[in-house]
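Tertiary structure, described
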Amino acid sequence: MGLHRDMVSWFVGVLFLSTLLLCSADVHYYEFFVRESNFTKLCNTTTLLVVNDSYPGPEIRVHKGDTVFVNVHNQGNYGFTIHWHGVKQPRNPWSDGPEYITQCPIQPGTNFTHEIILSDEIGTLWWHAHSDWTRGSVHGAFIILPAENETYPFPTPNADQTIILQSWYNEDYKQIIDDALAAGVAPPTADAYAINGHLGDTYGCPSDTIFLMEVDSEKIYLLRIINAAMNEEQFFTITNHTLIVVAQDASYVRMFTTDYIMISPGQTMDVLVIANQNVGQYYMAIRPFSDSAAQPSEFITTGVFQYTNSEGGLNASLIPLPAMNDTDAMLNFISQIRYANVSQNPTINVPADTDINRRLYIAIATNTMPCNTSECVSDSRFAASLNNVSFVSPRIDILQAYYRNITGVFTQDFPFTPPVFYDFTGNLTDFNTEAGEGTRAIVVNYGDAVEMVLQTTQLGAGGSHPIHLHGFSFYWVGIGTGNFNNEIDPSTYNLVDPPLINTVHSPAAGWVALRFFANNPGVWYMHCHFERHSSWGMSTVLIVRNGTTTETSMRPPPSTMPRCPGT
């Protein structure tokens, strides 16, 4: 059966009922035991903090609109938190999870139960630690199947497979960033990349394992791809097979075919693949994408897409991945992503030009700050900023301070425009790169229509940034190169079918424009999902004030919130 004929018959037919519905329960309970375990990779044994002794951690699998309770037990040596990435948590920031933003760490020997409230999310999300760099080993998939009365807006897959892309280090993730911050230097690049915890066959250690996905001829498979890497955007491909992208960040997109995808840290993509090639073994593979002067480790990591009863070997030279610096390949891919006007998605609700009453123009930069401790290797240290504010994490969580009117924890004066305008995307070799520090929040009213333009700069190493906003999905309405022009560039916006996402790729020497209605009251973190940048302060907080009714106001906090150290 030819691929083209298959596509036509599948894409224009009636909707098929999902065969993946597992249960009718709408409340689910999970127990996460977080502790140290040993793992051997690259012929080296490393002790990592993980959930339920697994890397990656256990998968949560529920239905659209369900509620999930996860009891997190800290059996490790230091405090941490867990975030449910991409879950909007309507009116419930108390269980969102980022450390010192919405809660204080779960201390060793204690536990905290998160109440995770699903709304219109559908498809693939994930969960991960949100303290220091512990998300490098504490993470897993969060799968949201269609509701019992819903169908897929694409051919019903015969099976699905979670694919988690990871960064591997031969040492403890928390220790890596603790040491780098103390010395004021950049953390090291990854020692390897992994697919579902497997390093594949390219690193030279004979004991390393390779991820194997077994398939049957002519069957359809839904790949749930999650980029959990620490600092690396990734290209992904399966040799000789066409990928059909159907969703991003738990929202359906207009289906399109491609030979590869490009996925940023924090993002998720749902991809159909049809096992319609000759019976055999085919490489799936990843390679990082980078347009920054600070290059990641350029490794190709492999898995195997294996037909049942296949024989024979694999040929690494046939892996059709774009080059690591192939900006055209990146742009060609992301330019195809469009919102799908299907009943399974929320009704599209892009704020119109006349709706917008809160505009933010945010310059993204890597910077330097003075380094004054005995461990510093020089007089300056690496930093990062949004509108020249390098975020300082407080010692009492901002949500608690906001809710209880505790003063001195944060201020409500994040600048809505850069404090200094310059040629953001020009040659900044001799430009002053220092930033100011602060815990400064963006504050908007419930129901405000927000436009946010993110402007990347060439300060420091330059490069792209994956920016994630908690508590919301937003419409990605515009993208361009150079410095944003507020008189010309809005005319290029896509207000008809922009993707509805929670993590956006903001390209090097360019800009992206986002729009959303501020209809989720609470305190919500916004940050770069490159962990080194977030650790350096490339973050801020969006506070959405309560509306005028109970239904438009935050829920009260649970009595079991972890206590902040010293309180």
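Residues numbered from 1 in each chain as written. Predicted model: local features only at pLDDT ≥ 70, side-chain atom pairs only at ≥ 80, totals over all residues. Heavy atoms only, no water.

Let's talk about the UniProt feature "domain: Plastocyanin-like" (unreviewed entry) in the chain
Look at the UniProt record and you will see "domain: Plastocyanin-like" (unreviewed entry) annotated at residues 34-147, 161-309 and 414-546. Secondary structure across residues 161-309 divides into 7% helix and 48% strand, with the first and last C-alpha atoms of the span separated by 19 Å. Taken as a whole, residues 414-546 contains 5% helix and 41% strand, while its terminal C-alpha atoms sit 19 Å from one another. (UniProt positions renumbered as here; feature names shortened; annotations may be inferred. Helix = DSSP H or I, 4+ residues; strand = E, 2+ residues; numbered from the N terminus.)

Brief notes about the sheet that holds strand β10 (residues 192-195)
In spatial order, the strands read β10-β9-β12-β17-β14-β15; together these six strands make up an open sheet with mixed pairing. Of all strands in the sheet, those bounded by a partner on one side alone are β10 and β15 (251-258). Taken pair by pair, the neighbouring strands of this sheet meet at an average axis angle of 20 degrees, ignoring direction. Bridging between strand β14 (residues 243-248) and β15 involves five bridges; their strand directions are antiparallel. The residue bridging I244 from the neighbouring strand is T257, located in β15. (Pairing = 2+ DSSP bridges. Axes fitted to C-alpha atoms, helices over the stretch in contact; angles between N-to-C directions.)

What about the pattern of salt bridges?
Scanning the entire structure with this criterion turns up 19 salt bridges. Ionic pairing is found between E150 and K64, a salt bridge with its closest N-O pair at 3.1 Å. Pair noted here: E150 is in the loop between β8 (139-145) and β9 (159-168) and K64 is in the loop between β3 (60-63) and β4 (67-74), with a separation of 86 residues, a long-range link. One salt bridge in this structure joins R440 and D413, with 3.2 Å as the shortest N-O distance. Placement of the pair is R440 in the loop between β23 (436-438) and β24 (441-444) and D413 in the loop between α4 (398-404) and β23, with a sequence separation of 27 residues. Since its relative accessible area comes to 26%, R440 is described here as partly exposed. The network of salt bridges with shared partners includes E59, R61, D160, R224 and D270. (Salt bridge = Lys/Arg side-chain N within 4 Å of Asp/Glu carboxyl O. Buried < 20%, exposed > 50% of the residue type's maximum accessible area, 1.4 Å probe, protein only.)

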